[in-house]
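Descriptive structure summary
The chain contents come next:
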Amino acid sequence: EADIYQTPRYLVIGTGKKITLECSQTMGHDKMYWYQQDPGMELHLIHYSYGVNSTEKGDLSSESTVSRIRTEHFPLTLESARPSHTSQYLCASSEDRGSYEQYFGPGTRLTVT
Amino acid sequence: KNEVEQSPQNLTAQEGEFITINCSYSVGISALHWLQQHPGGGIVSLFMLSSGKKKHGRLIATINIQEKHSSLHITASHPRDSAVYICAVYRHSGSRLTFGEGTQLTVNP
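Computed from a predicted model, the values in this text were never measured in an experiment. (Residues numbered from 1 in each chain as written. Chains lettered and ligands numbered in written order. Predicted model: local features only at pLDDT ≥ 70, side-chain atom pairs only at ≥ 80, totals over all residues. Heavy atoms only, no water.)

1. Considerations on the interface of chain B and chain A
Contacts between the two partners involve 19 residues from chain B and, on the opposite side, 24 residues from chain A. Each partner contributes to the roughly 1700 Å² buried at the junction of chain B and chain A, and carbon and sulfur atoms together form 50% of this total. Linking chain B with chain A are 3 residue pairs in polar contact (both at pLDDT 80 or more), by the criterion used here. Among the elements of the structure, strand E4 (29-37), strand E5 (43-49), strand E9 (83-91) and strand E10 (97-99) of chain B are those that each provide at least two residues to the side of chain B that touches chain A. With 4 residues, E4 of chain B is the largest single contributor of residues to the side of chain B that touches chain A. Partitioning the side of chain B that touches chain A into residue classes produces 8 nonpolar, 9 polar and 2 charged. (Contact = heavy atoms within 4.5 Å. Buried area = accessible area lost by both parts, 1.4 Å probe. Polar contact = N/O pair within 3.5 Å; in protein donor to acceptor, adjacent residues only side chain to side chain. Helix = DSSP H or I, 4+ residues; strand = E, 2+ residues; numbered from the N terminus. Nonpolar A, V, L, I, M, F, W, Y, C, P; charged D, E, K, R; others polar.)

So this is what it looks like as structure tokens:
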């Protein structure tokens, strides 16, 4: 079983608020990813990191930002939440070599009112 | 045209039926991932394969690299198998995943 955690699992917040979605993994994986998934739709990569102090934007443009100060921690921040940010956000991690199978967290379901 | 396409998009079956979900891709890959997503949203890895066939319990996954096609089979389906099944590929160029749109499976008792 993968040891990757996301908090909160559910969040309802008003427009304009700053929010941080937490993602942590205890597997020592160098690579971490954030995906956004609208209901009934496929996952889209919005950010990824190949290690500490490394962050890159993904395939889908996002107003969120990420940081990678510690290997195990990859938080995602929205400075000013809007209703268009309502979605599910999934975090994943993988090894840097050998099997690069991705392990997914349980997700955070965000609703911006 | 999506680089990873799944069929069918929706599938309803009766308990006990044999189920097949198909995945075709148009890019070079190093491996393919079958994932399961339950209504709560969390994603569970079922298989990662780059050739041949893998089996785990009632689940079987096959891949044909030459034909760029993979199938996920569920034998003796059960209502608890109801979920979205997602095919995703690892491109040759790295470990980033490209996802299919998923297949919504409903197994009725």
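2. Focus: the sheet that holds strand E6 (residues 52-56) of chain B
Residue and element names in this part refer to chain B. Strand order across the open sheet formed by 5 strands is E1-E3-E8-E7-E6, with antiparallel pairing between neighbours. Edge strands, defined here as strands with exactly one partner in the open sheet, are strand E1 (4-7) and E6. Neighbour-to-neighbour, the strand axes of this sheet turn through a mean angle of 15 degrees, independent of strand direction. (Pairing = 2+ DSSP bridges. Axes fitted to C-alpha atoms, helices over the stretch in contact; angles between N-to-C directions.)

3. Overview of the nonpolar core
Core analysis: the largest hydrophobic core is formed by 24 residues, its most contacted members being Leu32, Trp34, Phe47, Leu72 and Tyr85 of chain B. With 18 residues, the next largest nonpolar core counts Ile19, Ile46, Val66 and Leu110 of chain A among its residues. (Core = buried A, V, L, I, M, F, W, Y, C linked by side-chain atoms within 4.5 Å. Buried < 20%, exposed > 50% of the residue type's maximum accessible area, 1.4 Å probe, protein only.)

4. Remarks on the state of the cysteines
Disulfide: a covalent bond formed between the sulfur atoms of two cysteine residues. Overall, the coordinates contain 2 disulfides over all chains when judged by the stated rule. Note that Cys23 of chain A is cross-linked by a disulfide to Cys91 of chain A, the S-S spacing being 1.8 Å. Between Cys23 of chain A and Cys91 of chain A the disulfide shows an S-S torsion of about -75 degrees. By sign, it is left-handed. Of the two residues, Cys23 of chain A sits in strand E3 (residues 19-25) while Cys91 of chain A sits in strand E9 (residues 87-94), which places them 68 residues apart along the sequence. Each disulfide pairs two cysteine sulfurs, and for Cys23 of chain B the partner residue is Cys87 of chain B, the sulfurs being separated by 2.0 Å. Looking along the S-S bond of the Cys23 of chain B-Cys87 of chain B disulfide, the torsion reads about -65 degrees, which is the left-handed sense. Here Cys87 of chain B lies in strand E9 and Cys23 of chain B lies in strand E3 (residues 19-25), a separation of 64 residues in the sequence. A single burial state applies to Cys23 of chain B and to Cys87 of chain B, both of which are buried. (Disulfide = S-S within 2.5 Å.)

5. Section: the environment of Glu56 of chain A
All names here are of chain A. Relative to the helices and strands, Glu56 is located in strand E6 (residues 54-57). Glu56 gets classed as partly exposed once you look at its relative accessible area, which sits at 43%. Residues Glu56 and Ser67 lie 11 residues apart in sequence; the distance between their C-alpha atoms is 9.8 Å. Sequence-distant contacts of Glu56, that is, excluding residues within four places in its chain, are made with Ile46, His47 and Tyr48.

6. Considering the pairing of E3 of chain B
When a strand is regular, its side chains alternate between the sheet's two faces. Residues and elements named next belong to chain B. Of the two faces of E3, the one holding Ile19, Ile21, Cys23 and Tyr25 is buried and the one holding Thr20, Asn22 and Ser24 is not buried anywhere. Bridge count for E1 against E3 is 4 bridges, and the pairing is antiparallel. Note that in E3 the partner of Val4 across the bridge is Tyr25. Relative to strand E8 (residues 69-74), E3 runs antiparallel, the two being bridged by 6 bridges. Residue pairing across strands places Asn22 opposite Ser71, the latter belonging to E8.

7. What to know about the packing of aromatic side chains
Applying the stated rule across the entire model yields 5 aromatic pairs over all chains. Seen in terms of ring centroids, Tyr33 of chain A and Tyr35 of chain A are 6.3 Å apart; in terms of plane orientation they differ by 25 degrees. Their pairing is stacked. One exposure class covers both Tyr33 of chain A and Tyr35 of chain A, and it is buried. Measuring from ring centre to ring centre gives 6.5 Å for Phe104 of chain A and Phe99 of chain B, while their planes differ by 70 degrees; the resulting arrangement is edge-to-face. (Phe/Tyr/Trp six-rings, centres within 6.5 Å; stacked < 30°, edge-to-face > 60°.)

None of this, on its own, says anything about what the molecule does.
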